[in-house]
Amino acid sequence: METLRSIVVLVHLIGFATLFGAWIVEVASRRREITRVMHWGLAIALVAGLALAAPWGIDGELNYTKIAIKLVVVVVIGALLGIGAARQKRTGAVPAAIFWLIGLLTVLNAALAVIW
């Protein structure tokens, strides 16, 4: 059971790495665009994170505060991705604040997962 949980943790981190990697590619190419890869990375991280929040028969208590904070951050990232994609479709550009917040919050969420 612990091996399966470790695999889900790996998938969760891969989801955030995909989101952050796609964001870094846009930064490196000096574009501010929301891509489908960002949406896929967020979806993978969210689904794996929800699976990790389920009790796995582990000893000890789950850290519900950490789970709630990470869930709120993921929802905010999703909202920013949605707003940014809509603005991009309508005007052709993503506002700088939205684009940079997506990267910042992605790093925050990964930091919460690893450090907390």
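Residues take numbers from 1 onward in each chain, read along the sequence in its written order. For a predicted model such as this one, the threshold for reporting local features is a pLDDT of at least 70, and the threshold for listing and counting side-chain atom pairs is 80 or more; totals across whole chains, interfaces and linings nevertheless cover every residue. Hydrogens are left out, water is left out, and the side-chain values use all remaining heavy atoms of the structure.

Visitor: Describe the confidence of the model for the protein, with residues and values.
Guide: On average, residues of the protein score 93 in pLDDT, and 98% of them are at 70 or above. pLDDT measures the predictor's confidence residue by residue and takes values from 0 up to 100. Secondary structure follows DSSP: runs of H or I at least 4 residues long count as helices, runs of E at least 2 residues long count as strands, and numbering of each begins at the N terminus. Mean pLDDT across the elements of the protein ranges from a minimum in helix H1 (residues 2-28), with 94, to a maximum in helix H3 (residues 64-91), with 96.

Visitor: Pulling in residues and values, what's your account of the side chain of glutamate 26?
Guide: As for its position among the elements, glutamate 26 is in helix H1. Exposure classes here rest on a 1.4 Å probe applied to the protein chains alone. A residue is buried below 20% of its type maximum, exposed above 50%, and partly exposed in between. Among the residues examined, glutamate 26 registers a relative accessible area of 3% and is labelled buried. It only takes one pair of heavy atoms within 4.5 Å for two residues to be counted as in contact. Discounting chain neighbours no more than four positions away, the residues touching glutamate 26 are Arg31, Glu33, Thr35, Met38 and Phe99.

Visitor: Account for the side chain of lysine 70, naming residues and giving values.
Guide: Here lysine 70 lies in helix H3. The charged-residue count follows a simple rule in which Lys and Arg add positive charge and Asp and Glu add negative charge, with His and chain termini not counted at all. Throughout this description, the term salt bridge denotes a Lys or Arg side-chain nitrogen within 4 Å of a carboxyl oxygen of Asp or Glu. Buried within the structure, lysine 70 lacks any salt-bridge partner; its nearest side chain of opposite charge belongs to glutamate 2, at an N-O separation of 16 Å. What lysine 70 contacts, discounting residues up to four positions off in sequence, is His12, Phe16, Asn109, Leu112 and Ala113.

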